[in-house]
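Below, each chain spelled out in residue letters.
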Amino acid sequence: MIPARFEYSAPETLSEALRLLGSDGEAKVLAGGQSLVPMMKFRLAQPGHLIDLARIPDLNFVAEENGAIRIGAMTTHNQVETSALIREKCPLLAKTAAHIGDVQVRNRGTIGGSVVHADPAADYPAALLAMEAKVKLVSASGERMAGLDEFLVDALTTLLEEGEILTEVHVPLERAGVLTAYRTLVQPASGFAMAGVGVRLGVENGTITFARVALTGVGSKPYRATAVEQALVGQGAGAETFAAAAAHATDGVDALSDMHASAEYRVNLAAVQVRRALEDAAGSA
Amino acid sequence: MKLKGTYAMPAPRDEVWAALLDPAVLARTLPGCKSLQETGPDEYAMQMSLVISSVKGLFEGKVRIMDQQPPESYRIEVEGRGKIGFVNGGGAFLLKDAGDVTDIDYEGEVKVGGMIASVGQRLMDMTSKMMIKRFFTALEDEITERE
Amino acid sequence: MATTTTTPELKTYIGKRVRRVEDPRLITGTATYVDDIRKPGMLHAAVLRSPYAAAKITGIAIEKALALPGVKAVYTGKDVAAVGPVPCAGSMEDLRIPDHRILARERVYYVGHPVVAVVATDRYIAADALDLIEVDYEPTEVISDPEEALKDGAVRVHPEYPDNVAFTYKQAKGDVDKAFEEADFTCEERILVPRLAPIPMETRGVVADWDEGAKELTLYSSTQIPHLLKTQLALQLDMPEHHIRVIAPEVGGGFGSKCNVWAEEALACFVAMDLKKPIKWIESRRESIQVVAHGRAHVDTIEIAAKKDGTLTGLKLHIVCDIGAHHQLLTPIIPTLAVLMLPGLYKFRSFKASLVGAFTNRAPSDLYRGAGRPEATYVLERIVDKMARILGMDPAEIRFKNFPEPAEFPFETVTGLQYDSGDYAAAFHKALDKIDYKACREEQKKARAEGRLYGIGISTYGELCAFGPSPATPAGGWECASVNVKATGKVEVLTGISPHGQGEETSFSQMVADAFGIPMSDVVVIHGDTAKVSYGIGTFGSRGIAIGGSALHLAMQDIVAKATKYAAHILDVDADTVTFKNGTFSSSAAEQTLSFADVALETHLCRKLPPGTEPGLTATRFFEPSNFAFPFGAHICTVEVDQETGETTILRFVAVDDCGKIINPLLVEGQIHGGVAQGLGPAFMEGVIYDEEGQLLNGTMMDYAIPKARHMPWIETDRTETPSTVNPLGVKGVGEAGTIGSLPAFVNAVVDALSPLGVDHVDIPMTPQSIWRVIQERSRS
């Protein structure tokens, strides 16, 4: 449980971080360290150089701008959970952050680190996909924005190129009247979701006018359950609709299987959790 | 861990067969393959560098191809060892004509040991699925580019 | 601040919820654990372990590691061949003890088997050096499953033996076959009790320090048994015992896992003497999960016979115990405790039990909190519940029906144990009343009508603890205490037990404070240092207060007797007229009184030495119990199972425990709480998983689940107090009760919840997935 030798830098500006990252092929960015450090302790990961972003003040902020909430990559889960702005303007994200790991993890782990690590069972993506969030990727040669759906390529694999740093997550402000819920059943050792569901539901006069549903922990990457969404919109908000829609939770998804939960169980769990999350959201009005 | 699936390769069966058993093609398409050297009839020595997220593992091992029934079926046995653990696997490939495509049915079992077995279980299934996907995608690129 | 001039009333401490005196140093980070110890010139060791469950070692290349700057030495099995084998205390006639060396020689037998030790100037370099060692393994066939291991023709773990039987054990009484023939009903269940990793918060660790001048070896080890360890080290290292000192500094939990003699302990000593340098080795969490002897590891088949009125007449048990590849200290003994405690609280007329220990290519198993008794209680309480269901009896009724009456004590069980004292019905009634059993059954009716899966689980358990009479405890079962009263009236207690979380610094101080009428702060309790404490057995098997406390009690009696003589002499009265109460010596024949401190001072100054008396006020006493003590209790819980996800919600958990007389209820409750957590773990989430290749699959805290605060129910505790008759304090012991009593309550509750679906057993751990599968299967059929 002792990592291999590595160099350590703690730059105070993003440009310095990018320069360091570009100058060392063995370098790896360190955010909250909640995934990378354990891997290093097992020596499964042996980066030659860690570039710690913790001392860059510009990466830890929450701000409202142009109809979206911008969240700096180094904002901790606890800050996301407790931010008054996020709670008011993007409530699903704050609700989801409260479910991540435990208090210690939420105090150290960061939204940027989590999104970049792209664990297929991480909580954030379920909320961020349902909220159609975007991420900002910066390199020495420029910057680009990417939707989270395209950013998450596969398990532990993202669009991030060598020399790039994810600096911000942009979440559109919640629409008026939209109800939200996050629900998860976790594996008790790791706290990772065996099926986590983020739901946004718009209901007008008893009819569902808007639906976003995303799942994590079920497939090899978190995904939007568009078949569920389609089965909801235009229907009356109620138990029958929710149950019928939830049956599509894993349409086209090759469910994961591990010693904690078989694919069969995950498929069942996904449908149950989607239905219950929809009921939670509808009941939160 | 058991693995099973079908990949629909958009190429005629003979061509798919040839590619699957061509060491040069395999060296280019097997994820992380650094080198593949023939050591005997249908036996190869392989070096693989596995990179998944921050995890890097260098493996050295052997590949054996058995029970060839061209252009229909064969078996493969793989054995690899590295600092982070070891992998032993065996599988059967069955190639079926399916109109414009060749269906590659694969079924096998992978056994891992050492560090990766005791700390990496949660990621095993998704990692192997990802590796298979990477392999077939690369193989498809290889076959279709050749045309 | 205003001061008062009134004489503070002397407080008494026994029976009060006194806060632990140990805690301030623990929670402020000022306690000294092994890893806090630093010695000048200290080197750091790391151990390379086998990634294979079975392999021949065909070569070990250490040159690259030796060449790494900072590496001081590398040891392989042949380098440490002079060190004797890891000891095993088993004594069955057919016991096979394979040569268990501190580092592997020709073969490795399990994943984690130590192969090479590296010593370097710091732990980072030592860890780097491990990566540079190349071991050539030639993997051989693995036998991982204990039942497979016992089949004819199975691959042999140890090729020198004809099969994988490590030992067998049998016990029987009465005509059990006749009982089964004549029974109105019989039933049987095959019950799996998975391997559990002990997971103490502090992993193992040692610092070995060799004094070349004095030829003295000091080993600091995170151990529960410093004295036994010292004796064993003398044997392993072939050294005179009086040149070895073992110190157990602050020990961060053990749960039995540190009641052992570990390879790494002798290894560090050998290296320290070889290099003439202090050596530190600290176990990683991964090593801890991998190699620290797992507990339980049973496959049990239990059968029960009953008359239709619910009288239990016969019991049969067959245990296959997966002992792993090697024995540790108590490996073969632990499952025999399951046989002894099999009858639980019931008056069985006949029984037979057989036990086979199976060698497998897995890490050794050994004791873990409860050690044999949780296994016995679990299978018994399950099968009694199942029988109640068959008889159509309430599970509470069948239990009441078979308890011995209080007048029947001492009660001899069918396995030959003499239960000291008990009123089982009283504790059970109290638990039933506390949870309002009738209301729970009403609630269940209502829930079932609504299609909800609501269950009530009962466990009435007994345990044998306060280890123990010496003939029944491998290394001796007595305990030793010295009381040294200083000139200033302060008291030093030296005890042979070795607390590591139990809180005896607090409970012993309470006892001393009350006995001498002094404040607790005038007492210090010293333990865990073989150079300070003459000898002792250690802390395990819920024996601290029952045995160690009884020795202390005897020593304090001696002190009071001697002090009384002094007081009489000073007061110039007849000793018979002197009484000692609330810290004051007084006599009907004298006006003057003397405090405890006054007399203490006189015993040191010796201005007026009573004839025939020696100076000083010290006493050392040993206590040998006549028998084990037998605590008991009733745990009841209510649960609701989510039909769709398989999740179980624990609604209420009531624990009524009787551990005899209580010194400190706060400590007792703490033990129950911790114990219940370690019953809840295996019930719902824990279990070491090996694959058929002997690879341990859940080797990290990301995959091996133990209960966290959020998993725990509110524990409603209560007690009855039936004094033990086998020690002067009347105490029984409570360290393991929560673990033993709770597991069957959890499982019985879930099975009760699922019973409308026709379910009569669910194996543990009852994860949401496993419950969901049971529900799926049942609703399909």
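Chemist: How do you make sense of the overall build of chain B when you look at a structure like this?
Modeler: Looking only at helices and strands, chain B features four helices and seven strands. Seen along its three principal axes, the alpha-carbon backbone of chain B occupies a region of about 45 × 30 × 25 Å. By residue count, 49% of the 147 residues in chain B fall in the buried class. Residue pairs in contact within chain B that sit at least 24 positions apart in sequence constitute 49% of those at least 6 positions apart.

Chemist: I tried to follow the overall build of chain C on my own but got confused; where do I start?
Modeler: Each helix and strand counted, chain C has 19 helices and 28 strands in total. The C-alpha atoms of chain C give a radius of gyration of 28 Å, which matches the 28 Å a tight globule of 781 residues would have. Dimensions of chain C, computed from the C-alpha atoms along their principal axes, are close to 90 × 75 × 55 Å. Counting across all 781 residues of chain C, residues that qualify as buried make up 64%. When contacts within chain C are restricted to residue pairs at least 6 apart in sequence, those whose partners lie at least 24 apart make up 81%. When the accessible area of chain C is evaluated, it comes to approximately 28,400 Å², of which 52% is carbon and sulfur surface. Side chains of chain C carry 77 positive and 101 negative charges; the gap between the two charge centres is 2 Å.

Chemist: What is the right way to read the pattern of salt bridges from this model?
Modeler: Side-chain pairing between opposite charges can occur once the charged atoms of the two side chains come close. The tally for this structure, following the rule as stated, stands at 83 salt bridges over all chains. For C:R245, the salt bridge goes to C:D529, with nearest N and O atoms at 2.7 Å. Of this pair, C:R245 sits in strand β11 (residues 244-247) while C:D529 sits in the loop between β21 (523-527) and α15 (544-571), placing them 284 residues apart in sequence. Note that C:E492 is salt-bridged to C:K486, the shortest N-O span being 3.5 Å. Residue C:K486 is classed as partly exposed on the basis of its relative accessible area, which comes to 35%. Here the salt bridges share partners, and the residues they tie into one network are A:E65, A:R70, A:K136, A:E143 and A:E168.

Chemist: I'm lost on the environment of C:I771 in this one. Help?
Modeler: Residues and elements named next belong to chain C. Note that I771 resides in helix α19 (residues 768-780). A relative accessible area of 0% means that I771 is categorised as buried. Along the chain, I771 and A126 lie 645 residues apart, while their C-alpha atoms are 45 Å from each other. Residues contacting I771, with those up to four places away along its chain left out, are V641, G646, V750, L754, V762 and M766.

Chemist: Help me out: how do you make sense of empty space enclosed by the protein in this one?
Modeler: Summary: where empty space remains is shown by rolling a probe the size of a single water molecule over the atoms. All names here are of chain B. Applying the stated criterion to the full structure yields nine cavities of 30 Å³ or more. Of the voids in this model, the largest cavity is the one considered here, and its volume is about 1,200 Å³. As for the largest cavity, its lining consists of 47 residues, and the residues nearest its centre are M48, V87, V110, S128 and M131. Contributing elements (two or more residues each) for the lining of the largest cavity: β3 (43-52), β4 (55-69), β5 (73-82), β6 (85-98), β7 (101-113), α3 (115-119) and α4 (121-146). Broken down by element, the residue count for the lining of the largest cavity peaks at eight residues, all from α4. Each residue belonging to the lining of the largest cavity can be placed in one class, and the counts come to 33 nonpolar, nine polar and five charged.

Chemist: Would you take a moment to explain the interface of chain C and chain B for this structure?
Modeler: Often the size quoted for an interface is simply the accessible area lost on bringing the parts together. Contacts between the two partners involve 18 residues from chain C, matched on the other side by 14 residues from chain B. Interface area for chain C against chain B, summed over the two sides, is near 1,300 Å², with a carbon-plus-sulfur share of 48%. For the interface between chain C and chain B, the tally reads one salt bridge. Of the charged contacts, one joins C:E693 and B:K111 as a salt bridge, the two residues approaching to 3.3 Å between their closest N and O atoms. At the surface where chain C touches chain B, the tally comes to six residue pairs in polar contact (both at pLDDT 80 or more). For the side of chain C that touches chain B, a count of residues per class yields eight nonpolar, four polar and six charged.

Chemist: For this particular structure, what's the right way to read the packing of helix α11 (residues 395-402) of chain C against helix α12 (residues 424-435) of chain C?
Modeler: Two quantities define a packed helix pair, namely the angle between the axes and the distance from one axis to the other. Residues and elements named next belong to chain C. Interhelical geometry of α11 versus α12 gives an angle of 165 degrees and a closest axis separation of 10 Å. Comparing their axes, α12 and α11 come out roughly antiparallel. The hand of the α11/α12 crossing is left-handed. Where α11 abuts α12, its residues A396, R399 and F400 lie against A425, F428, H429 and L432. Of the residues assigned to the contact of α11 with α12, the class counts are five nonpolar, one polar and one charged.

Chemist: I keep staring at the sheet that holds strand β5 (residues 68-72) of chain A and nothing clicks. Help me out?
Modeler: The pairing of strands in a sheet comes from backbone hydrogen bonds and takes either a parallel or an antiparallel form. Residues and elements named next belong to chain A. Reading across from one edge, β4-β5-β10-β6-β7 is the order of the five strands in this open sheet, with antiparallel pairing throughout. On the outer flanks of this sheet lie β4 (62-65) and β7 (142-147), each paired with one strand and no other. For this sheet, the mean inter-axis angle between neighbouring strands, taken without regard to orientation, is 25 degrees. Pairing geometry for β5 and strand β10 (residues 165-172), over five bridges, is antiparallel. The residue of β10 that forms the bridge with G72 is E168.

Chemist: Looking at this structure, how should I read the domain arrangement of chain C?
Modeler: Residues and elements named next belong to chain C. By domain assignment, chain C separates into domain 1 (38-140 + 201-253 + 258-291), domain 2 (295-468 + 627-780) and domain 3 (478-623). Listed per partner, the contact involves 18 residues of domain 2 and 18 residues of domain 3. For the pair domain 2 and domain 3, the summed buried surface comes to about 1,400 Å²; carbon and sulfur atoms form 64% of the total. For domain 2, the biggest contributors to the area lost against domain 3 are F467, I663 and L729; these three give 37% of the whole. Our count for the domain 2 to domain 3 interface comes out at zero salt bridges. For the interface between domain 2 and domain 3, the tally reads seven residue pairs in polar contact (both at pLDDT 80 or more). Looking at the side of domain 2 that touches domain 3, its residues break down into ten nonpolar, six polar and two charged.

Chemist: Please clarify how helix α17 (residues 665-684) of chain C should be interpreted in this entry.
Modeler: Residues lying three or four places apart along an α-helix face the same way, a consequence of the helix completing one turn every 3.6 residues. With 20 residues, α17(C) ought to run about 28 Å at 1.5 Å a step, and its terminal C-alpha atoms sit 28 Å apart, in line with that. Between the side-chain oxygen of the N-cap and the backbone nitrogen of C:L666 there are 2.9 Å, and the N-cap of α17(C) in question is C:N664.

Chemist: Please explain helix α14 (residues 504-516) of chain C as it appears in this structure.
Modeler: All names here are of chain C. The terminal C-alpha atoms of α14, which comprises 13 residues, lie 17 Å apart, in line with the 18 Å expected from a rise of 1.5 Å per residue. Counting buried residues in α14 gives eleven out of 13 residues, a clear majority hidden from the surface. Inspection of α14 places E504, E505, T506, S507, F508, S509, Q510, M511, V512, A513 and F516 among the buried residues, and these make up the whole buried set.

About the criteria used
- Residues numbered from 1 in each chain as written.
- Chains lettered and ligands numbered in written order.
- Predicted model: local features only at pLDDT ≥ 70, side-chain atom pairs only at ≥ 80, totals over all residues.
- Heavy atoms only, no water.
- Helix = DSSP H or I, 4+ residues; strand = E, 2+ residues; numbered from the N terminus.
- Buried < 20%, exposed > 50% of the residue type's maximum accessible area, 1.4 Å probe, protein only.
- Contact = heavy atoms within 4.5 Å.
- Rg over C-alpha atoms; globule rule 2.2 N^0.38 Å.
- Areas by Shrake-Rupley, 256 points an atom, 1.4 Å probe, with all protein chains shown as cover.
- Lys, Arg positive; Asp, Glu negative; His and termini not counted.
- Charge placed at Lys NZ, Arg CZ, Asp CG, Glu CD.
- Salt bridge = Lys/Arg side-chain N within 4 Å of Asp/Glu carboxyl O.
- 1 Å grid on protein atoms, 1.4 Å probe; cavity = no way out; pocket = protein on both sides within 12 Å on 5 of 7 lines; lining within 4 Å.
- Points joined across faces, edges and corners; volume = space filled by probe spheres on them.
- Nonpolar A, V, L, I, M, F, W, Y, C, P; charged D, E, K, R; others polar.
- Buried area = accessible area lost by both parts, 1.4 Å probe.
- Polar contact = N/O pair within 3.5 Å; in protein donor to acceptor, adjacent residues only side chain to side chain.
- Axes fitted to C-alpha atoms, helices over the stretch in contact; angles between N-to-C directions.
- Parallel < 35°, antiparallel > 145°, perpendicular 65-115°, else oblique.
- Left-handed = near helix turned anticlockwise from the far one by under 90°.
- Pairing = 2+ DSSP bridges.
- Domains from an automatic or database assignment.
- Expected span 1.5 Å × (residues − 1).

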